Amino acid sequence: MALLIKYYNSFKNIFNFALNETFRFAFCKVFSVIFKMDDQNAEQKSDSSDSCDEAEISNYVLYRDRPEWKDVHPIPQDDGSAQVVRIAYSEKFTDVFDYFRGVLKSGEKSERTLGLVTDAITLNPANYTVWIYRLEIVLFLKIDLHEELKYISNVIREFTKNYQVWQYRKNIVEMLNDPSGELEFTANILDMDAKNYHAWQYRQWVLSTFSHLMEKEIEFVDKLISQDMRNNSAWNQRYFVINNLDYNSEMIENEIKYTFDKITSLSKNESAWNYLRGLLLYSENGVLEKRVRDFCTQLYNKGNRSTHLMSCMVDFIDADVNSTEPENIEKVKFALKLCCDLATVFDPIRRFYWVYISGELENKYNIKEHEFKIKVLENK
Amino acid sequence: MARPEFKPELHKKYFRRSLDLLPSESAMFDYSRLTILYFGLVGLDILGGLESLTDQYKRDIVDWVYKLQLVPNENCPEHKCGFMGSTTVINLKTDPKCDKYCESNVAMTYMALCILITLGDNLSRVNKTAVLRGVASLQKSDGSFRSNYEHGESDLRFMYCSLAICNILNDSSTINVNNAIKFISNCFNYDGAFGQNPGTESHGGSTYCAIASLSLLDSLSLVLDKKKLKILERWAVNRQICGGFQGRPNKDPDTCYSFWLGATLSIMGSLDRIHKDRNRNFVLNNANQLTGGFSKNMDSIPDPMHTCLSLCGLSLIGDDNLNPINPALNITVRAANYLRHIQ
């Protein structure tokens, strides 16, 4: 078995050597993780184990060759006789984790085991046990938690989309009870990827736990939306902020204006439309609806055919019309025309959806004969 | 773009390779090898390829999975019971001094049970009481579930896994179902879909977890009235761009969302609203015609997760050559029927 893995790795090394960088990258790049938030772990230091081995080979000494570790008994991984989803671990990986198992067994908590755990984390930050043991060592040695916060900052910069690193940071900040650097830190991570789900989720935790920080969040959100109006995460954060402030009608009024403005400059942006619809949840007696309805009508009359605009108008008509008065019939027919235009011209990928919505309207208002029948082939 | 040929035999081979030996770059899965096993076996089941594994090999897998089970004893408290994701620290399992570092993870327990059912095991060796009490110990006062007992994070992923375990073991008496439902509804957002936690951005993966969880609890209508269902349906249908599905508005499409959103819509009875043919084309265009397997997009290489979920997505929209799946449990209908038979 060990021999087989050795051969496998040597073959791979030759293979890597022989191929160009792009292909090698493709070969080396590994699988993503379940329930990933986009490409969470995929971009991680996936090819670190081998390529780093080569780079560091001159100065890196395996634990088994370190005289100061002679007293520790490494424990090899025990898979029994099973040949199930084996991993052809690199020599370095096997060495570090054999010693990690040995240390878990002896329970040693010291500077050198902290170093070992640091190596283990670099090789696989997705290992829960390594993080649990690290925290135990840190607390046992009474290491300055501010130093530990610096450490985890560096690890997060390297593995921005790993779950455990953010959870560990949360633990440290909770113990420090000091969130003073957290907004700046997450802002820096979001600067690398403004849609990083982990960073936003963590930022929300900081803001909820230390609520005085919420005051300036709207400025941050403003900045991010102005950098990229399509950043849905930033729009969501905007709603998060508004939702956590005490309700006042002036604020909602300002939000409506803000969103109208953003939609006017980029009318195909779903994020802004969703936000606008979200604001309507604050509407009392339909006041906001009237403003939004007028805004939509104006846009449409100017010739705008954003799918989100048209979709919004269909919903408004459906919500407004209660009876089968002749005047209302004309409104419903207009909604049917919108559905037909969406299905055939402006939003054909959703044609089956618009056929369905159109059919619902026909049934609800009992309008069977009209010129906006949509013809589609079978959806299969 | 012309639709590429679908080569089931090639994908079966891809899975059989990943079930056997992974390259050293996969070391990040060292702690969760069960996930690769789960994707490989469910994927093979969809392809009708389980017969190509020998009975001995299937027995080996089942035994290996059971080896990862933590059962209660004087050193292992109930709150750590369930399944671990790999053998990383298994040597310590029976050592009283250090088995405190052995603990289950609810995602791994869910996958372990799915693997066992898929391979036709009758779950007789599962310590059901311990597993259920282990799951219960992960529930927080807000109704959510943590991944594991020590410092585990909580979100809708682990809600789903916990509820799926209760469903498979046919017993939700150890958990607080009302609080769970309350938590799920707190994750419902202004745009009509679900985030991982209350307030976080709506996402295809968390939306699946929410809808599948509610469906397993038979409580969809409790959280989502007709109006909310309509907004959710629109949000989900709007995720289809360039044929495939994206996880969030204004992001690129990725094959795995053909499952997360496809299954969500399927559970809601709304799958006919999407453009199936274009979705099928998108997924098939991300198949690797040389090595087998599916990647998330054209710029990536195949991996077991995207391969399995691509096949799940294809199966949902109907393909005669693929076995149908149960969208709420994410195993094949065949395996789910077998489960109901042994329950």
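Note that this is a predicted model, so its numbers are computed, not measured. Residue numbers run consecutively from 1 along every chain, following the written order of its sequence. The order in which chains are written sets their letters, starting at A; the order in which ligands are written sets their numbers, starting at 1. Per-residue local features of the predicted model are confined to residues with pLDDT of at least 70, and side-chain atom pairs are confined, for both listing and counting, to 80 or more; whole-chain, interface and lining totals are unaffected and use all residues. Values shown for side chains rest on all heavy atoms present in the structure; no hydrogens or waters enter the calculation.

Regarding the overall build of chain A
Phase 1 of the analysis: Only DSSP runs of H or I reaching four residues or more are called helices, and only runs of E reaching two or more are called strands; each is numbered from the N terminus. Broken down by element type, chain A carries 18 helices and one strand.
Phase 2 of the analysis: Looking at chain A as a whole, 55% of its 380 residues qualify as buried.
Phase 3 of the analysis: Throughout, the Shrake-Rupley method with a 1.4 Å probe supplies accessible areas, and for residues the shown protein chains are the sole cover considered. Surface summary for chain A: the accessible area is close to 17900 Å², and the carbon and sulfur share equals 53%. Relative accessibility thresholds used throughout: buried, under 20% of the residue-type maximum; exposed, over 50%; partly exposed, between the two (1.4 Å probe, protein chains only).

Considerations on the nonpolar core
In globular proteins that are soluble, nonpolar side chains generally tend to be buried together.
Residue and element names in this part refer to chain B.
Phase 1 of the analysis: Take the buried Ala, Val, Leu, Ile, Met, Phe, Trp, Tyr and Cys residues and link them wherever side-chain atoms come within 4.5 Å; each set so joined is a nonpolar core. Core analysis: the biggest nonpolar cluster contains 238 residues, and Leu 37, Val 65 and Phe 194 have the highest contact counts within it.
Phase 2 of the analysis: With 11 residues, the top contributor of residues to this core is helix H4 (residues 106-118).
Phase 3 of the analysis: Contacts are assigned to residue pairs with any non-hydrogen atoms lying within 4.5 Å of each other. Not counting the four nearest positions on each side in its chain, Val 65 is found in contact with Leu 34, Leu 37, Phe 83, Ala 112, Ile 115 and Leu 116.

Section: the packing of helix H13 (residues 249-265) of chain A against helix H15 (residues 287-301) of chain A
What describes two packed helices is the angle between their axes and the distance between those same axes.
Residues and elements named next belong to chain A.
Phase 1 of the analysis: It is the contact of H13 with H15, at a shortest axis distance of 12 Å, that shows an interaxial angle of 15°. Between H13 and H15, the angle falls in the class roughly parallel. The two elements H13 and H15 cross, and the hand of that crossing is right-handed. For the pair formed by H13 and H15, the contact residues are Ile 252, Glu 253, Ile 256, Lys 257, Phe 260, Ile 263 and Thr 264 on the first element and Leu 288, Arg 291, Val 292, Phe 295 and Leu 299 on the second.
Phase 2 of the analysis: All amino acids are sorted into three groups, where Ala, Val, Leu, Ile, Met, Phe, Trp, Tyr, Cys and Pro are nonpolar, Asp, Glu, Lys and Arg are charged, and the leftover types, Gly among them, are polar. The residue inventory of the contact of H13 with H15, partitioned by class, reads eight nonpolar, one polar and three charged. Comment: axis = line fitted to C-alpha atoms, over the contacting stretch for helices; angle = value between 0 and 180 degrees taken between N-to-C directions. Here the angle decides the label: under 35 degrees means roughly parallel, over 145 means roughly antiparallel, 65 to 115 means roughly perpendicular, and every other value means oblique. Crossing handedness is defined as follows: a turn of the near helix away from the far one that is anticlockwise and smaller than a right angle gives a left-handed crossing, while the clockwise case is right-handed.

Re the layout of surface pockets
Regions of empty space are outlined by a rolling probe, equal in size to a water molecule, passed over the atoms.
Phase 1 of the analysis: Here the term cavity refers to a set of points on a 1 Å grid, laid over the protein atoms alone, in which a 1.4 Å probe fits but cannot get out; the term pocket refers to an open set having protein on both sides within 12 Å along at least five of seven lines, with lining residues being those that place an atom within 4 Å of a point. Grid points are joined across faces, edges and corners, and a volume is the space filled by probe spheres set on the points. A volume near 1200 Å³ is recorded for the largest pocket.
Phase 2 of the analysis: Contributing to the lining of the largest pocket are 37 residues, with A:Asp315, B:Lys227, B:Lys230, B:Ile231 and B:Arg234 lying nearest its centre.
Phase 3 of the analysis: For the lining of the largest pocket, the elements supplying multiple residues, two or more each, are helix H14 (270-279), H15, helix H16 (307-320) and helix H18 (351-365) of chain A together with helix H10 (226-238) of chain B.
Phase 4 of the analysis: Along the lines of polarity and charge, the residues of the lining of the largest pocket split into 16 nonpolar, six polar and 15 charged.

As for the confidence of the model for chain A
One rule of thumb: low pLDDT means the predicted coordinates there are not for detailed reading.
Phase 1 of the analysis: The pLDDT averaged across chain A works out to 87; a share of 85% of its residues lies at or above 70.
Phase 2 of the analysis: What pLDDT reports is the predictor's confidence in each residue, on a scale of 0 through 100. Note on residues 6-51 of chain A: pLDDT under 50 across the span, and 107 contacts to partners over four residues away in sequence or across chains.

What about empty space enclosed by the protein?
Phase 1 of the analysis: Scanning the model with the defined rule gives 10 cavities of 30 Å³ or more in all.
Phase 2 of the analysis: Considering only enclosed or pocket space, the second largest cavity measures out at about 100 Å³ in volume.
Phase 3 of the analysis: A:Tyr128, A:Trp131, A:Ile132, A:Gln164, A:Gln167, A:Tyr168, A:Asn171, B:Asn148, B:Glu150, B:His151 and B:Glu153 are the residues that line the second largest cavity.
Phase 4 of the analysis: Residue assignment for the lining of the second largest cavity shows that the elements contributing at least two residues are helix H6 (128-140) and helix H8 (163-176) of chain A.
Phase 5 of the analysis: In terms of residue count, the dominant contributor to the lining of the second largest cavity is H8(A) (four residues).

What about the interface of chain B and chain A?
Phase 1 of the analysis: Taken together, the contacts link 97 residues of chain B with 88 residues of chain A.
Phase 2 of the analysis: Two parts lose some accessible area (1.4 Å probe) when they are put together, and adding that loss for both gives the buried area. Overall, the association of chain B and chain A removes approximately 8500 Å² of surface from exposure, summing both partners, and the carbon and sulfur fraction of that is 55%.
Phase 3 of the analysis: If you sort the residues of chain B by the area they bury against chain A, B:Glu25, B:Met28 and B:Tyr190 come out on top, with a joint share of 11%.
Phase 4 of the analysis: Just to be clear on terms, a salt bridge is a Lys or Arg side-chain nitrogen sitting within 4 Å of an Asp or Glu carboxyl oxygen. Between chain B and chain A we count seven salt bridges in total.
Phase 5 of the analysis: The partner of A:Asp318 in a salt bridge is B:Lys230, and the shortest N-O contact between them spans 3.6 Å.
Phase 6 of the analysis: By the criterion applied in these results, polar contacts are pairs of N or O atoms within 3.5 Å in which, for protein atoms, one can donate a hydrogen and the other can accept it, and in which residues neighboring in sequence qualify only through two side-chain atoms. At the boundary of chain B with chain A, the tally comes to 44 residue pairs in polar contact (both at pLDDT 80 or more).
Phase 7 of the analysis: Per-element tally for the side of chain B that touches chain A: the top contributor is H10(B), with six residues.
Phase 8 of the analysis: A breakdown of the residues in the side of chain B that touches chain A according to their chemical character gives 40 nonpolar, 26 polar and 31 charged.
Phase 9 of the analysis: If DSSP finds at least two bridges between two strands, the strands pair. Sheet topology places strand E1 (residues 86-87) of chain A next to strand E1 (residues 21-22) of chain B; two bridges connect them, and they run parallel. The partner of A:Ile87 across the bridge, within E1(B), is B:Leu22.

Re the packing of aromatic side chains
Phase 1 of the analysis: Between 30 and 60 degrees the pair is tilted, below 30 it is stacked and above 60 it is edge-to-face, where a pair is any two Phe, Tyr or Trp rings, Trp via its six-membered ring, whose centres lie within 6.5 Å. Evaluated as defined, the whole model comprises 35 aromatic pairs over all chains.
Phase 2 of the analysis: Measuring from centroid to centroid gives 4.9 Å for A:Tyr63 and A:Trp69, while their planes differ by 90°, and the two rings are edge-to-face.
Phase 3 of the analysis: Residue class for A:Trp69 comes out buried when judged on its relative accessible area of 3%.
Phase 4 of the analysis: Members of the aromatic cluster, joined through ring pairs, are A:Trp235, A:Tyr239, A:Tyr247, A:Tyr258, A:Tyr275, A:Tyr282 and B:Tyr190.
Phase 5 of the analysis: As a reminder, the over-ring test applies to NZ of lysine and CZ of arginine, requiring each to be within 6 Å of the ring centre and within 35 degrees of the ring normal. Stacked on the ring of A:Phe220, the Lys or Arg A:Arg203 has its end atom at 3.7 Å from the ring centre.
Phase 6 of the analysis: Directly above the aromatic system of A:Tyr163 lies the positively charged group of B:Arg157, at a separation of 3.6 Å from the ring centroid.

Observations concerning the packing of helix H7 (residues 145-158) of chain A against helix H9 (residues 182-192) of chain A
Residues and elements named next belong to chain A.
Phase 1 of the analysis: Put simply, H7 and H9 touch, their axes get as near as 11 Å, and they point 15° apart. One finds that H7 runs roughly parallel with respect to H9. Seen from above, H7 lies across H9 with right-handed handedness. Of the residues in H9, those in contact with Leu 149, Ser 153, Ile 156 and Arg 157 of H7 are Glu 182, Phe 185, Ile 189 and Met 192.

Remarks on the pattern of salt bridges
Phase 1 of the analysis: Applying the stated rule across the entire model yields 38 salt bridges over all chains.
Phase 2 of the analysis: For A:Glu255, the salt bridge is made with A:Arg238, and the minimal N-O distance between the two is 2.6 Å. On the criterion of sequence distance, the pair formed by A:Glu255 in helix H13 and A:Arg238 in helix H12 (residues 232-244) is long-range, its members being 17 residues apart. Each of the two residues, A:Glu255 as well as A:Arg238, counts as buried.
Phase 3 of the analysis: Residue B:Lys276 pairs with B:Asp272 through a salt bridge whose shortest N-O separation is 2.7 Å.
Phase 4 of the analysis: Assessed through its relative accessible area of 9%, B:Lys276 is described here as buried.
Phase 5 of the analysis: In the salt-bridge network here, residues are joined through shared partners; they are A:Arg277, A:Asp315, A:Asp318, A:Lys364, B:Lys230 and B:Arg234.

Concerning helix H13 (residues 304-316) of chain B
Residues and elements named next belong to chain B.
Phase 1 of the analysis: What a helix should span is 1.5 Å times the count of its residues minus one. Here H13 is 13 residues long and its end C-alpha atoms lie 18 Å apart, about the 18 Å a rise of 1.5 Å per residue gives.
Phase 2 of the analysis: The element H13 is largely enclosed, with a buried count of 13 among its 13 residues.
Phase 3 of the analysis: The distance from a side-chain oxygen at the start of H13 to the backbone nitrogen of Met 305 is 3.0 Å, and the residue carrying that oxygen is Asp 303.
Phase 4 of the analysis: Backbone geometry just downstream of H13 places Gly 318 in the positive-phi region, at approximately 90°.

So, H13(A)
Residue and element names in this part refer to chain A.
Phase 1 of the analysis: Spanning 17 residues, H13 covers 25 Å between terminal C-alpha atoms, matching the ideal 24 Å at 1.5 Å per step.
Phase 2 of the analysis: Here H13 has its buried residues at Met 251, Ile 252, Glu 255, Ile 256, Tyr 258, Thr 259, Phe 260, Lys 262 and Ile 263.
Phase 3 of the analysis: Turning to H13, the residues buried within the fold contact helix H11 (217-227), H12, H14 and H15.
Phase 4 of the analysis: Its side-chain oxygen 3.1 Å from the backbone nitrogen of Glu 250, Asn 248 forms the N-cap of H13.

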